[in-house]
Every structure is written in C-alpha cells, then in structure tokens.
Amino acid sequence: MSSIKSVPVTNSLFNRNSSGRRNSISSKQCLTVEIPPRRVSAFSTSSSDTSPSSLTSSEDTESRFSALVRILSSPPNILDSIMTGMDLEDYSANGDAWSYFPHDHARSRAYRWGEDGLAGFSDDKGILCWSLGLWNGKDGILKERLFGVTGHEGNHGEDVKELYYYLDSTPTHSYMKFLYKYPQRKFPYEELVAKNTSRTRDDEEFELMDTGILDEDRYWDVFVEYAKDADDPEDIFIRIIAYNRGPESADLHILPQLTFSNSWSWSNPESSRPSLSALSSNTILGDHPTLGRRYFHCISSPPPADVGADEEITPDLIFTENDTNFVRLYDGENASSYVKDGFHDHIIPSHRMEDDTSSYVNPDKKGTKSGAHYVFKDVPPNGGCAVVRLKLTRKSIEEDTTAKDEELFDGVIEARKAEADDFYDVIAGSVASHDLRNITRQALAGMLWSKQFYQFKYSEWIKGDPSQPPPPPERKFVRNQAWRHIHVADVLSMPDKWEYPFFAVWDTAFHCISLAVVDPEFAKNQLLLFTRDWYMKADGEIPAYEWNFSDVNPPVHAWSAFRVFKIERQLRGVGDTEFLKTIFLKLMINFTWWVNRKDTDGKNVFEGGFLGLDNIGAFNRSEPLPNGGTLRQADGTAWMAFYCLNMLNIALELAKEDKTYEDIASKFFEHFISISDAMAYDGEDHDSSLWNDDEEFYFDAIQWHEGTPQQIPVRSLVGLIPLYATLTLEPSVMERFPNFKERLERFVNIRPEVSQRNMHGTNSVGSGERILLALAGRERLQKILQRMLDTTEFLSDHGIRSLSKYHEKNPFSMQVNGEKFEVHYWPGDSKSGMFGGNSNWRGPIWLATNFLLIESLQRFHQYYGDTFQIECPTGSGNLMDLSSVAKEIRRRIISIFAHEGGCRPTNGGHEKLDKDHHFRDLVLFHEFFHGDTGRGLGASHQTGWTGLVAYHIMQSADTRPTPRTPKSFASHYFHDNINTPSEEKEFSGESILLKPTRHIAHALQDVSPNAL
C-alpha cells in the first residue's frame, strides 16, 4: 500500500482554551438523520434535563441559551494534525517528507510531534487524543486515518481520496458533527495509487468514486457527534451512528480509541508514561500528571435497528502501547510485545506477520493506547443502523447518571443541537434560502473543525532526540535554517487538515474574516500569534508556511486585522482598540522589513517573489531569474501600496484616542503616494512604469542590469491586484485630525503633479466630499474593468479568473538562454510541476482574491457613487455602478456552491453528488474552482479561505423582519468587554439587543467607509 495522510485528531474540549472566550453554539442539522435506537431508560428524567422535550414553550429559546452559557465557562481546546508526509516528522537528508514517513508507516510508527486520527479531538496540547477506528471485514488494515496519494503519486500533487464532511460545529465546540462515508467493499488503496500515478498532468485526477466502490450504495454513513455537558464542559458526549446504505445486510466493527501522545520515547532515559487501564468492563481510566484522571465510559449498545434481537452489544476493551513496531518496519526489536499497530493484528488476522503467534493486546488491560471494540453483525440494509455512545469525563460511573441512561445521554446531545440551531439562526437566519443557510453552516463548521494543535520547536527538531539516531548532517540545510527561533505550540486555523495541515500566514488572514463573525476572540488571537517573537523574526519577517518559512506571502495581515476589528465593532458596537494597537506596533516592524528587503533599488517598486500565487508567472518567482536581472512585480508593488493604506487607516483609527498616531498616518500616506507614483509614472519618460498604455493593463517587468525594464505582457491577476490599493478618506476624518489634514495639504502644495496623479478629490471631491487614494485613477480603472468584466477574458459565470481567457488562444512565450518559458490559460488543474503542481493560478477562480476585488469595488463606489457606470458584462449594454458590479461578482461566487437547476457547479456535473438523497445536501469547499465550469479543484476541504463564501452569503442575505436576539446569548456575545466578571461567574442575563434587533447578516451588509 501507499502513502497516506491522516486526518488528524480533531477538536477538543478540555478546560484550556486558545481563544480565552466563551460563546454560543448550535446548529440545525444539516442533514436529517434517523433517531438512533436506544433502550428504554430505567431512570426517571433528571430535573436538570435540558433536552427539547423538557422545555416548555415559554422557556424554549432562552432556556437553551442559559444552559449554553454554563457550557461556555470552559471553552474548547482543539487538536487536529495530519502527521504523515509532514515536514515536522521528516528527518531525512533530502527533505522528502512523503517518502520518509509514508502512510504505510503511520499505523505502526509513533509520531514525534503530534497525533492524527479519524474524526478525533484532543486537549489543547495534544496529550490525550480520541479518534475513531472502523473495519468493514474486508480491508487489510483498520480505517484509522484518511488516505490519499502523495505529491509523488498524484498527477496534480498530493490529494486525499476519501469522502468526508464537516457538517456542524459551534465556536466553543459544544456541539460538533462529522460524516465519513466508509465503503463496504475492500478499500482500493492500490488502485487509487496506480491510476493516479499513471495519469499525466493533462488528465483529471482519479477519485474514490471513479473506482465504482460505492456502486449500489454499498457504503456506511458514519456520523460522529460531540456535545458538552451543560454543567461541566469537560464532560464530552460522543455518539456514533453508522447507517448501512447498501442493499444487503453487512457487518461493521467500530473501534473508538483513546490514546496518549508519545512523549516518552524521545529522551534518554525514557521519561515516565501516563497510563490507560480498564476500570471495569465498560470504563477506561486515563491517568496523566498534567491532565489528571479521565474516565472513558464505553456504554453497551442496543442491537442494530430492525434486527429484533435482545442482546446488547458490549465492547471488548483492548490495550496496547503507542510505541513504534520496530520488528515490522525495520526488522529490529521491540521493547514490548504491545505496539502501536497491535489493534490491527488483534482484529485482522491477515495483518499479522508470518509465524507471529504472540499476543497483540495486553491481557492485563493497560497501556498508553486503548480501544473499545464493538462488533455489529448483520446490520439491516437500506438504512439499518448501529449506534455507539461514549462519554469522556472526570466523573466515575457512580457519579454520572447520563452514562447509564441513554435517554438522558441523547437528551444532552439534542439540547446542544437545539442551542446550535439558535446560534446559527442569529448568524444566518435572515438568509432566505434553506440551501444557502446549509452552505453557510457547513462552511463555518469546516473552518471550526480545521483548528489544529501545531507544535514545532526548531532547536529540538534540528538536533534530533537523545534516544534516537542523530539526523543526517545534510538535513540542517534542507529548509528553514534561518528560523532557529521558532518555538510553536499553539492551536491554529489550518487551510486544509489533510493537504495543508500547517499554518500559511496569508491564508490565515482570510480565515479570520469569517471566523470573526462567529468567534472574534479566536480570530484576533490567530492574527496576533504570528507577530509574537516565537513566530516573527527579530527583523520583522513573518514566517510564510512550514515547507519554506522564508517564502514571502502577500502582506495582508494589516488588512485582516482592521477588517476583524471592524467586523467585531459592527456586531458588538465597540471595537477592540487594544488589539488593534498591539498588532499595529508589531506590523510597523514587518512593514520596515518589507521596505528594507524587497525594494532592492530603493525606488518603491517591490519584488516579493512567490507572493502566494504559485505558478502565475512564466518564471518561478521564488527563485532567481534564469537570465539574471530583477523582477519588478506589479502585484508585489500593489500589495505594498495596499499595506500602506491599511496601516494609514489603522493609524487614523488609533489617533481617535492618541494623537501621536496622526503623524504615523501621515508617513504612511506619503509612502503610499511614493509607491503609487513609482509603479505607474516612474521616470520622466515613464520607461519604468508597470502600466502599459497600449495594453491598458499592469504587468510585471524584468529590470536588466542596465537599460530599460522589459514588461511581461501576461494578463493575469497580477494586473488586477493594483485595484486592491484604494481608500476613501471621509470629510469627518479631515476635520477630526487637523494635523493629518495639514500634512496632507502641505504635500499637495509642494508636489502638486504627484498628488494629482495619485489622489482624487483634492480639486473636485467625490461622493460625499470624500478623497480617494488609489493606484488606479478613473481612466485606468475604466480600462482595467472593461477587461476584467469581459467574459472572453477574466469574467466567468462563477467569478473572476486568475488568468485571462485571452491566453487560451494567445499563450505568452519567451526564450531565455535557449529555454522556452510559456504561460497558457489552464482553467482546471495545473499542467506544470511548479510548486508541486497541486495548485493553479493560470485560469481558475480563487475566493480569496475575488473577495478583495469585491471589497475594492465597494470602496471605489464610496468615492464615485452613481457617477461611475460600466458595462457588466463588457459589451452587454447593461450599465452598472461599482456597488452593483461587486454584488454581481459575489452572486457568481455563491453560485459555485448553490444547488440551482438540480446541480451544484462545484460538483463538476457528478450526478450522484447532485441528485442522490444522501449526497445532494453535502458541500465540499475546494481550494480553487474551474475557470469555465466552477468545478471544485485542489484541496477538497479548504474551508480556510473558501469559507469566505459564508461571509458572502451573509452579506447578501435577504432583508426580512427578525426576532429579538436572545438575551442570554447577546449579552455575552456582544458585550463591550470580553473579560467581564460574567466570563468567570454565572451569566448575568443582562438584556442587550443586536444592533438593534437584527440578525448578524444584516450588520454585515453595511459596506460604508466605517465598515470597510
């Protein structure tokens, strides 16, 4: 078998919290699921029961929120990481992480830096991990982690080859829901690898459904739900419901696992181990010096639905050690008979090594890895189900009535679900379409499920461990040698937990926009983390991503910080100025790094390099040009102008309380003007300009050692990014900050030509007497938009393409030192191996860059108002103002996911995904989308920045009368100061209305200068 990435242990809920806040959660089920079987309770309903049936109509909503507030007193802590193929676990000489730690090793080899697992969770330090194991009776291994092809095996890079969905989550994870579709036939590991390896970059990827393994619906829908107890948020209810969708009865093994991460094997001598042991036939006791005691109650299950048997299903508690199997992997020796893959050998005879007759699990029922083995025989077809109920708690079975009463147990889960419904009704209740509400909920759920504990301590990683063989000396020069200060152990928002299970800073900036709507404290914490000294270098450089911290991502941190600040202010009425001040001061250092390192000639035209756009150019922009010279980047320079304007905006906001920031704002204003003029008008003859008057577009240019720069006429997103750099200055700003106004007027008087080229409104003011700062003036804006809104160029049915369709018939080509460099329009997957070949910026639609374009158009509209009209689409005769153009692009983006006309474009025309009752309401959030059809491509669970669609939907929600916000929710969620006494004590119940009496979606529809 082959390499496989694991979907890591996910989402935890013990008492430490990365965000330090509480808040409500709940969500109506995205899918209707049959009620699981249970035995009639022998116990009466507790007076503290919070199930829906226990609430009178007058108590309904507010009682649920009151119960929820108690849960929030101890917020969630989440761990989720994919370890195979990760740089963290790579101790090779050449940096080939996929080959060094393949999937075939994952079940047998202890991880050094984390844990992984199917649908799992852990504490916030990744110490105690829960995950799910399954066996269909056919596979050669247990299903403990998700499978995919590696970068070497995939014809478009690494790619997960499983079907799973994040259905629901509240911000505090008081309720979560996950779905995994588990084939009943033998999983086609070898076929998936062979077919993908044999395909070329011109071919589509070979997916799980292409194998036919799900034909006749021969699969299990395995739903996993988590819920917190109302009285003790460290009590976690777990319910697993597996439905047989096939036409015949089938067997299923369900193996919930509780494991201590291996922290003992790396020191010499070995450090002390925590312990897991059987306390009774249904309870596992975990003991750890830091976490203390945890009881894992594995409740006996009723027989499968419709079987009619009376015998309950009692689990077999099994134990082994979370230690590497050196015998299996290296033909070495094991210190113990019980090793990490012992459960595979114990349950699956064909997995055992030849002539191996040893015991695979500890008969003394103790170890550091434990499982509860449930075996369900002959589960009926067409919807018959098996159910498992588990509880991880600090209470013994004698102290915990819910662990003995299935009715009470299910009541708690249903109560958390109802509270989640209430929460999402406030979040997206004004969205009229059920389908769009479902998309919003699943997008936000995916973002919340994608939190992950990430640990990387460079000094320990580079030296190796005392008990292990020393790493090869070449390893020191493989990657990240300039980042020796990195010392990370945080819960982070990941782009995609399988394909990108590590932070990417500019991705995070976009994650935080949607996260700010449901959990502003977590969003702010994420942005602040990357400016801390254990991430940011002393010179101000911020790490890009794990594989190359020194690659340069676009400088969007300031934009994200200010947008998060404003979103929170929209929702709560008051912004967090301390957060803004703290991050601004750190970003001043980062801004200085950009100026010193990425403006080689000191002429305010920037290089940048990679800038997150992978293969968008003819050359690999992270490497020196093959012909020498310097690449003057239109996008790099525009990003810096954008950075200036956001820092200017933040400085003016902070100047409301501290006039010192007025002077700082003035400096960013002057720097913006210098960058703007250099980019568009540099030199007396404008020979150095990145604007092309003939093409009426911005292009990169190569600056030779001597002579005039040579523009590279590729019509790409590089030429649209200058639109991002736009800001309207309100008349009230000029009046409120006289020092800033004086400095601005002085600059205009001293340098009138430069000011007129780069400022608009100094002589004739715009809408509302505003002043516009922008790289593109009215004439250039008109020209760029004519091209951008042309369906034969950038405008697709589903958003703005990253490369003009013009290059489909007119590819760019350039000969350098006998080598040919080309750029073609590729609307689907990449046909280039650049940056691994698993992402493509030569035609597809990306939500992050579209999001910034939409906001830029809204800001331009603030200045021009209805006086600026343009055809949309170009040549249609349909004139729109820029606000309407922004709405039209947003509508097209939303259409990628919407189920209209019987299909979702993101499904690529797959009939089963569009029509089947058990698929049609499930939504995947891909990394990017086909430039012509909208089909989802790249990483399939990148709700990171693709989760922005939730923000788009909420911003475009229909207006309708809305009910009063539940007081017990609003008073906490929109309180002026998060750190109030109610955070630590019983909630006060103070009544506060949401801006006033409206859904959050209505607040987000504000696109005034105060909001943007």
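Everything discussed here concerns the structure shown above.
Think of each chain on its own: its residues are numbered from 1, step by step along the sequence as written. Local features in a predicted model are, by the rule used here, given only for residues with pLDDT of at least 70; side-chain atom pairs are given and counted only at 80 or more, and totals for whole chains, interfaces and linings are based on all residues. The side-chain numbers reported here are obtained from all heavy atoms of the structure, hydrogens and water having been left aside.

J.: I'm lost on the sheet that holds strand β2 (residues 128-135) in this one. Help?
T.: The pairing of strands in a sheet happens through backbone hydrogen bonds and is either parallel or antiparallel. DSSP bridges decide pairing: two strands pair if at least two such bridges lie between them. Working definition: helices are DSSP H or I runs of at least four residues, strands are E runs of at least two. Numbering for both runs from the N terminus. Judged by pairing direction, the sheet is antiparallel, and its five strands sit side by side in the order β1-β2-β9-β15-β13 without closing on themselves. The strands lining the two open edges of the sheet, one partner per strand, are β1 (118-122) and β13 (316-320). Between one strand axis and the next, the sheet turns through 20° on average, direction left out of account. Across seven bridges, the pairing between strand β9 (residues 250-260) and strand β15 (residues 369-379) is antiparallel. Note that in β15 the partner of L258 across the bridge is S370. Every axis in this analysis is a line fitted to C-alpha atoms, fitted for helices over the stretch in contact. Angles between the N-to-C directions lie between 0 and 180 degrees.

J.: Would you take a moment to explain the environment of D881 for this structure?
T.: Mapping D881 onto the fold places it in strand β32 (residues 879-881). Separated by 24 residues in sequence, D881 and L857 have C-alpha atoms that sit 9.4 Å apart. If sequence neighbours within four positions are ignored, D881 has contacts with H861, G865, D866, F868 and Q869. Within the structure, the side chain of D881 is placed 2.7 Å from the backbone nitrogen of S884, a separation counted as a polar contact. We call two residues in contact when some of their heavy atoms are within 4.5 Å. Definition of a polar contact: a pair of N or O atoms within 3.5 Å, with one able to donate and the other able to accept a hydrogen when the atoms are protein atoms, and with sequence-neighbouring residues admitted only if both atoms are side-chain atoms.

J.: I'm lost on the side chain of R218 in this one. Help?
T.: Within the element layout of this structure, R218 appears in the loop between α4 (189-198) and β7 (219-228). With a 1.4 Å probe rolled over the protein chains alone, any residue whose accessible area is under 20% of its type maximum counts as buried; one over 50% counts as exposed, and the rest are partly exposed. In this structure R218 comes out as buried when scored by relative accessible area, which is 16%. Within the structure, the side chain of R218 is placed 3.4 Å from the side chain of E248, a separation counted as a polar contact. Residues contacting R218, with those up to four places away along its chain left out, are P183, Q184, R185, I213, G246, P247 and E248.

J.: Is there a simple way to think about helix α25 (residues 948-955) in this case?
T.: Helical geometry note: an α-helix holds 3.6 residues per turn, so side chains three or four residues apart project in the same direction. Burial within α25 is extensive, with eight of its eight residues counted as buried. For α25, every residue scored as buried is listed here: L948, V949, A950, Y951, H952, I953, M954 and Q955.

J.: For this particular structure, what's the right way to read the packing of aromatic side chains?
T.: Here is the rule: rings of Phe, Tyr and Trp (six-membered ring for Trp) pair when centre to centre is within 6.5 Å. Planes less than 30 degrees apart are stacked, more than 60 are edge-to-face, and the remainder are tilted. Evaluated as defined, the whole model comprises 62 aromatic pairs. Each ring, one from Y166 and one from W449, has its centre 5.5 Å from the other, and the planes form 20°; the classification is stacked. Highlighted residues: Y166 in strand β5 (residues 164-169) and W449 in helix α8 (residues 434-449), separated in sequence by 283 residues. As far as the burial class goes, Y166 and W449 line up, both buried. With a centroid separation of 5.6 Å and an interplanar angle of 80°, the aromatic rings of Y454 and F503 are classed as edge-to-face. Taken together, the residues span a long stretch of sequence, with Y454 in strand β17 (residues 451-457) and F503 in the loop between β18 (487-493) and α10 (505-518) at a distance of 49 residues. Classification of Y454 by relative accessible area gives buried; the value is 1%. The class for F503 is buried, based on a relative accessible area of 1%. In textbook terms, an aromatic cluster arises when at least three aromatic residues are bridged by ring pairs, as seen for W506, F510, W559, W639, F642, Y724, W841, W846, F851, F928, W945 and Y951.

J.: Please clarify how empty space enclosed by the protein should be interpreted in this entry.
T.: It is a probe the size of a water molecule, rolled over the atoms, that shows where empty space is left. In this analysis the probe radius is 1.4 Å and the grid spacing 1 Å, with only protein atoms considered; a cavity is a set of points the probe fits into but cannot get out of, a pocket is an open set with protein on both sides within 12 Å along at least five of seven lines, and lining residues have an atom within 4 Å of a point. Grid points are joined across faces, edges and corners, and a volume is the space filled by probe spheres set on the points. Under the definition given, this model contains ten cavities of 30 Å³ or more. Empty space within the largest cavity amounts to approximately 160 Å³. Counting only elements with at least two residues in the lining of the largest cavity, the list comes to α10 and α13 (577-597). At three residues, the largest contribution of residues to the lining of the largest cavity is made by α13. Among the residues forming the lining of the largest cavity, the class breakdown is ten nonpolar, three polar and two charged. Classification used: nonpolar for Ala, Val, Leu, Ile, Met, Phe, Trp, Tyr, Cys and Pro, charged for Asp, Glu, Lys and Arg, polar for all others including Gly.

J.: It is not clear to me how unusual backbone geometry should be interpreted in this structure. Could you clarify?
T.: Backbone geometry follows two general trends: most residues other than glycine have a negative phi, and most peptide bonds adopt the trans configuration. Cis geometry marks the peptide bond from N268 to P269; its omega dihedral reads 5°. The residue P269 is located in the loop between β9 and β10 (275-278) in this model. For the bond running from C872 to P873, omega is -5°, close enough to zero to count as cis. Counting through the fold element by element, P873 comes out in the loop between β31 (869-871) and β32. At D217, a position not held by glycine, the phi torsion is positive, near 60°. Structurally, the position occupied by D217 is in the loop between α4 and β7.

J.: Where do I start with the packing of helix α21 (residues 847-864) against helix α22 (residues 882-895) in this structure?
T.: Between two packed helices, the angle of one axis relative to the other and the distance separating the axes together describe the packing. Relative orientation of the contacting elements α21 and α22 amounts to 160°, with a least axis distance of 7 Å. The pairing of α21 with α22 is recorded here as roughly antiparallel in orientation. Helix-helix and strand crossings are classified by hand; for α21 and α22 the assignment is left-handed. Residue-level contacts link L847, N850, I854, L857, Q858, F860, H861 and Y864 of α21 to L882, S883, V885, A886, I889, R890 and I893 of α22. Class assignment of the residues belonging to the contact of α21 with α22 gives a composition of ten nonpolar, four polar and one charged. Here the word oblique covers every angle except those under 35 degrees (roughly parallel), over 145 (roughly antiparallel) and from 65 to 115 (roughly perpendicular). Crossing handedness follows the turn of the near helix against the far one: under a right angle anticlockwise gives a left-handed crossing, and clockwise gives a right-handed one.

J.: When you look at the nonpolar core in this model, what are you seeing that I'm missing?
T.: As a rule of thumb, nonpolar side chains are buried together in soluble globular proteins. Judged by nonpolar contacts, the single largest core of 186 residues is most densely connected at I427, Y454, L648, F740, L785 and M788. A per-element tally of this core places helix α14 (residues 634-654) first, with 15 residues. The residues touching Y454, leaving out its near neighbours within four places in the chain, are M86, L88, V488, A489, D490, L492, M494, P501, F502, F503 and E546. The next biggest cluster of nonpolar side chains, apart from the first, holds 83 residues, and it includes V160, M209, Y226 and W449. To define a nonpolar core, start from buried Ala, Val, Leu, Ile, Met, Phe, Trp, Tyr and Cys residues and group those joined through side-chain atoms within 4.5 Å.

J.: Would you explain the environment of D921 in this entry?
T.: Mapped onto the elements, D921 comes out in the loop between α23 (911-915) and β33 (928-929). A relative accessible area of 26% places D921 in the partly exposed class. Taking the C-alpha atoms as reference, D921 lies 8.4 Å from H899; in sequence the two are 22 residues apart.

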